[in-house]
Amino acid sequence: MCLDIAFYSALQLIDEYFPNLAHDGEISFDLDMGMHFMALGHNRYPVIIFENGGYHRKNFEWGIIAEYMDTPEKIKAMRKSMVNARSEKIIEDKRSFWHRIRGTRCLIPVTGIYEHREIKGWKNKVPYHIRLKNRPLYCIPGLYHYNTKMPSDPETGEVRGMFTLITRAANPLMRQIHNSGDNAFRMPVFLTKEMELEWLRPDLTDSDIARILNYEMPSEQLIAEPVFSIRSRTPRPDGKPKNEPFLYADLPPLVC
């Protein structure tokens with residue numbers, strides 16, 4: 001499961017990526033401090049959708065509240081499982097919530113993601129920063145939803161958009177990194193830029209959606225580097241940024 005995203009000072013890159021992009025609303029977090037953005041905080045994050053004939057940047061909450069999550073207790077217990085959507089559920093499982101909202105598609109712009117690797121004999125997992133080669137910015141496909149039965153702000157009645165990030169079976173490189181936990185051997189859906197933009201086309205058929213989600217980014221197109229920490233607020237001993245590579249003694253190499 002992908003719980004962290006690296007995103008910093010990238011507004012200009014987003015504008016270059018999406019022609020004539022409309023910015024709907026102010027971004028609600030400091031981009032310069034956005035090297036570590038956790039899904040389980042359910043904070044707002046900039047995503048891209050296509051509506052009214054153009055690209056729009058929206059600030060949606062990460063983690064969907066479905067209509068069946070109709071009490072605070074259900075939301076607390078279930079929303080954490082809605083930050084990611086398994087690609088297999090979107091087309092193949094016609095009873096799933098993800099199948100029902102497959103028509104509301106978005107892109108999540110990132111500079112990289114973070115994931116932990118478990119190593120036999122090591123007490124702690126090793127965190128990695130993963131990015132795409134020659135792609136300073138790329139986008140992960142997602143789905144979004146407006147829950148009109150559950151206003152985000154009960155006092156004002158405001159209904160905020162929410163999104164989920166789509167995952168698939170990991171490629172050989174990512175299998176070695178995301179190798180433990182309930183969602184082991186999964187990774188975000190990484191796409192070519194052409195496929196990313198295709199994801200937002202309103203006329204996609206189920207066959208088109210399945211074809212895009214079945215795409216596996218080759219391992220050689222990913223750069224995976226160990227970093228000092230992901231969630232810890234402890235400063236790095238070398239004073240470098242969170243997403244800079246960190247040298248671990250005797251770290252077993254990744255094999256592709």
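Before any of the text, the structure's been laid out above.
These remarks concern the structure in this document.

Quick notes on the rules
- Throughout this document, residue positions are counted from 1 along each chain, in the order its sequence is written.
- This being a predicted model, a pLDDT of at least 70 is required before a residue's local features are given, and a value of 80 or more before pairs of side-chain atoms are given or counted; all residues contribute to the totals for chains, interfaces and linings.
- Water and hydrogen atoms were dropped before computing side-chain values, which therefore reflect all heavy atoms in the structure.
- Helix and strand assignments come from DSSP, with helices taken as H or I runs of at least 4 residues and strands as E runs of at least 2, each series counted from the N terminus.
- Radius of gyration here uses only the C-alpha atoms, and the compact-globule reference equals 2.2 Å multiplied by the residue count raised to the power 0.38.
- Only the protein chains shown count as cover for residues, and the accessible areas themselves come from Shrake-Rupley with a 1.4 Å probe.
- Neither His nor the chain termini are counted; the positive set is Lys and Arg, and the negative set is Asp and Glu.
- Positions of charges follow a simple convention, taking NZ of Lys, CZ of Arg, CG of Asp or CD of Glu.
- We define a nonpolar core as any set of buried Ala, Val, Leu, Ile, Met, Phe, Trp, Tyr and Cys residues linked to one another through side-chain atoms lying within 4.5 Å.
- Each residue is placed in one exposure class: buried if its accessible area under a 1.4 Å probe, protein chains only, is under 20% of its type's maximum, exposed if it is over 50%, and partly exposed if it falls in between.
- Contacts were defined at the residue level, with two residues in contact if any of their heavy atoms lie within 4.5 Å.
- Any pair of cysteine sulfurs within 2.5 Å is marked as a disulfide.
- Classification of ring pairs rests on two measures: the distance between centres of Phe, Tyr or Trp rings, Trp counted by its six-membered ring, which must be within 6.5 Å, and the angle between planes, read as stacked under 30 degrees, edge-to-face over 60 and tilted in between.
- The arc in question is formed by the directions pointing from the helix axis toward the C-beta atoms.
- Only strands joined by at least two bridges in the DSSP assignment are considered to pair.
- Each polar contact in these results corresponds to two N or O atoms within 3.5 Å; when the atoms are within protein, one needs to be able to donate a hydrogen and the other to accept it, and residues that are neighboring in sequence are counted only if both atoms are side-chain atoms.

**Comments concerning the overall build of the protein chain**
When helices and strands are tallied, the protein chain shows seven helices and 13 strands. Since a compact globule built from 256 residues should have a radius of gyration of about 18 Å, the 18 Å found for the protein chain is in line with a globular shape. Its C-alpha atoms put the protein chain at 55 × 40 × 35 Å along the principal axes. When the accessible area of the protein chain is evaluated, it comes to approximately 12800 Å², of which 51% is carbon and sulfur surface. Within the protein chain, the 33 negative side-chain charges are centred at a point lying 5 Å from the centre of the 34 positive side-chain charges.

**Focus on the nonpolar core**
Phe18, Trp98, Phe163 and Trp199 are the most contacted members of the largest nonpolar core, which has 65 residues in total. Look past the residues within four positions of Trp98 in its chain and what remains in contact with it is Ile64, Met82, Asn84, Ala85, Lys89, Ile90, Leu143 and Thr164.

**Thoughts on the state of the cysteines**
Tallied over the full model, the rule gives zero disulfides. As a non-bridged cysteine, Cys106 has Cys139 as the owner of its nearest cysteine sulfur, 9.8 Å distant. According to the relative accessible area criterion, Cys106 is buried, its value standing at 0%. Residue Cys139 is classed as buried on the basis of its relative accessible area of 1%.

**Structural notes on the packing of aromatic side chains**
The description of an aromatic ring pair uses the distance of the two centres, along with the angle that the planes make with each other. Under the definition given, this model contains 14 aromatic pairs. Aromatic side chains Tyr45 and Phe163 sit 6.3 Å apart centroid to centroid with 45 degrees between the ring planes, which places their arrangement in the tilted category. In this pair, Tyr45 sits in strand β4 (residues 44-51) while Phe163 sits in strand β11 (residues 161-169), placing the two residues 118 residues apart along the sequence. Just as Tyr45 is buried, Phe163 falls in that class too.

**Quick word on helix α7 (residues 206-213)**
Residues that lie three or four places apart on an α-helix share one face, since the helix turns once every 3.6 residues. Those residues of α7 not exposed but buried are Asp208, Ile209, Ile212 and Leu213. All buried residues of α7 fall inside an arc of 125 degrees around its axis, so they share one side. The secondary structure elements touched by the buried residues of α7 are α3 (87-91), β7 (105-110), β11 and α6 (193-199).

**Regarding the pairing of strand β8 (residues 112-117)**
Counted residue by residue, β8 has six buried out of six residues, so it is predominantly covered. Because side chains alternate across β8, one face comprises the buried residues Gly112, Tyr114 and His116, and the other comprises Ile113, Glu115 and Arg117, equally buried. In terms of strand pairing, β8 meets strand β9 (residues 126-132) through five bridges, oriented antiparallel. Along β9, the bridge assignment pairs Glu115 with Tyr128.

**Concerning the side chain of Arg135**
Topologically, Arg135 is positioned in the loop between β9 and β10 (138-146). A polar contact is formed between the side chain of Arg135 and the side chain of Tyr17, at a distance of 2.8 Å. Setting aside chain neighbours within four positions, we find Arg135 in contact with Tyr17, Leu191, Thr192, Lys193 and Glu196.

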